[in-house]
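Each chain is listed here by its residues.
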Amino acid sequence: MHFTRTPHPAPTPDATREQLIADPGFGTVFTDHMVVIDYDEALGGWQTPTIGPRQPIAMDPAASVLHYAQEIFEGLKAYRHPDGGLGLFRPEANAARFNASAERLAMPQLPPELFLAAIRELLDVDGNWFPAVEGGALYLRPFMIATEAFLGVRPAKQYKFIVIASPAGNYFKSGAKAVSIWISDYTRAAPGGTGAAKCGGNYAASLVPTGQAFAMGHDQVLFLDAVERKWVEELGGMNLFFVFADGTVITPPLTGTILPGITRDSLMALLEEQGLTVSESPYSIDQWREDAASGHLVEVMACGTAAVVTAVGTVAGPEGAFTIGAGGIGQTTAKLRETLVGIQTGRIADNHGWVMRV
């Protein structure tokens, strides 16, 4: 499809933009433009894509997304390479996961080539918003919402697919090398639910426990399974890896209640390349505590698009707190982060075909 471009009537002045991207933090500064593609079942599906000024979305108060939460999203980053160009990390995997989420929420599939083209178009007009801060990136947020105005409980017949961009710095406000997490009494997802879909409802359910963790001085919240309340699942927005002294690594299995992270999948490949044995196996919170105390567990890594790879230093809950290793970033975590970021930014050879230049 051809993208129709609408010029921005008042783009951000260069001096203002430079000030905004000097230290943008995460998710609070946005670029000038956005991509919008409408879907209408009665008109045959996806309509003419447009890219124009980022602006409020006009929506009927009866729009389905406001009442029945038909909404999905993705998150990926554009990285600056040594030659000055930009690269995307495994965007085709984001396109595939986006459609998997759409299927679970009874929403229309978006052709993967259209997903990728939309991202390219936005980077073409807003690539100059790349942040100046060390380790910065342009965070891209594609999302889809149901816009049909009706109050019947059924899948909507009209949708909007939108892509916005945000210059991003450090995900964690503390900037800590190892984060502290709180074991929540709440659960994130149940078998048969939407845990494997990247939808807003999952994150809405995590806000109360995440707020509790923040209030107690922790960086993230840990969710256990909804049935037995003992198996480790994931953090509020990241997957977990457990590294043991014998060279084995465990990550909780994808059983429908955990988001299938693209960073998670990439780390599994990199760990195996480094000679470590990786298994997708259930791991209980009691075993975690025991292995940390005995020294058998030497590192815990949290991973995701926003934070990339981060060490977990301490874990706290109603039964007390415990520390992993020395409470800092371990050798495996540091090496994996360096390798992954190196591939993403073009400083290390991409032998997997993961990077797409734009």
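Before reading on, note that the structure itself is shown above.
What you are looking at is a predicted structure, and each value in this text was computed from that prediction instead of being measured.

Q: Give a description of the side chain of Thr-31 that names residues and reports values.
A: Inspection of the secondary structure assignment puts Thr-31 in the loop between α1 (14-21) and β2 (33-40). The exposure class assigned to Thr-31 is buried, which follows from its relative accessible area of 3%. Residue contacts for Thr-31: discarding those within four places in its chain leaves Arg-54, Asp-126, Trp-129, Leu-138, Ala-165 and Pro-167.

Q: Requested: an account of the packing of aromatic side chains, with residues and values cited.
A: Per the stated rule, a full pass over the model turns up twelve aromatic pairs. Pairing Tyr-39 with Tyr-159 gives two aromatic rings, centres 5.9 Å apart and planes at 65 degrees, and the pair type is edge-to-face. Here the residue Tyr-39 occupies a position in strand β2, and Tyr-159 occupies one in strand β9 (residues 158-168), the gap between them amounting to 120 residues. Summarising the burial analysis for this pair, Tyr-39 and Tyr-159 share the class buried. An aromatic cluster is present here, built from Phe-242, Phe-244, Tyr-283, Trp-288 and Phe-322 joined pairwise through their rings.

Q: Now, about the pairing of strand β8 (residues 137-146): what can you tell me, with residues and values included?
A: Most of β8 is tucked away, with nine of its ten residues classed as buried. Bridge analysis of strand β5 (residues 71-73) against β8 gives three bridges, and the strand direction is antiparallel. Note on β8: the bridge partner recorded for Phe-73 is Phe-143. As defined by bridge partners, strand β6 (residues 76-80) adjoins β8 across three bridges and the pair is classed as antiparallel. If you follow Leu-76 over to β8, its bridge partner there is Leu-140. Where β8 lies against β9, ten bridges are found, and the strand directions are antiparallel.

Q: How would you sum up the packing of helix α3 (residues 91-104) against helix α4 (residues 112-126)? Please name residues and give values.
A: In the contact formed by α3 and α4, the axes pass within 9 Å of each other and the chain directions differ by 125 degrees. By the angle between their axes, α3 is oblique relative to α4. You can see that α3 and α4 cross each other, and the crossing is right-handed. Taken together, the residues of α4 that come into contact with α3 (itself represented by Pro-91, Glu-92, Asn-94, Ala-95, Phe-98 and Asn-99) are Pro-112, Phe-115 and Leu-116. Of the residues belonging to the contact of α3 with α4, the class tally is six nonpolar, two polar and one charged.

Q: Explain unusual backbone geometry to me, using residue names and the numbers behind them.
A: Of note in this structure, Arg-90 is not a glycine but carries a positive phi near 50 degrees. Within the secondary structure layout, Arg-90 lies in the loop between β7 (86-89) and α3. One non-glycine residue with positive phi stands out, namely Ala-106, at about 60 degrees. In this fold, Ala-106 is placed in the loop between α3 and α4. Note on Ala-106: relative accessible area 38%, which makes it partly exposed.

Q: How would you summarise the nonpolar core if you had to cite specific residues and measurements?
A: Leu-140 and Phe-161 are the most contacted members of the largest nonpolar core, which totals 41 residues. Those elements that place two or more of their residues in this core are β2, β6, β7, α3, α4, β8 and β9. If one sorts the elements of this core by residue count, α4 sits on top with seven residues. If we skip the residues at most four places from it in the chain, Phe-161 touches Val-35, Val-36, Ile-37, Trp-46, Phe-98, Leu-110, Phe-115, Ala-118, Pro-142, Phe-143 and Met-144. Counting residues in each nonpolar core, the second largest holds 24 residues, with Ile-183, Leu-224, Met-238 and Leu-297 among its members.

Each value, and the rule that gives it
Residues numbered from 1 in each chain as written. Predicted model: local features only at pLDDT ≥ 70, side-chain atom pairs only at ≥ 80, totals over all residues. Heavy atoms only, no water. Helix = DSSP H or I, 4+ residues; strand = E, 2+ residues; numbered from the N terminus. Buried < 20%, exposed > 50% of the residue type's maximum accessible area, 1.4 Å probe, protein only. Contact = heavy atoms within 4.5 Å. Phe/Tyr/Trp six-rings, centres within 6.5 Å; stacked < 30°, edge-to-face > 60°. Pairing = 2+ DSSP bridges. Axes fitted to C-alpha atoms, helices over the stretch in contact; angles between N-to-C directions. Parallel < 35°, antiparallel > 145°, perpendicular 65-115°, else oblique. Left-handed = near helix turned anticlockwise from the far one by under 90°. Nonpolar A, V, L, I, M, F, W, Y, C, P; charged D, E, K, R; others polar. Core = buried A, V, L, I, M, F, W, Y, C linked by side-chain atoms within 4.5 Å.

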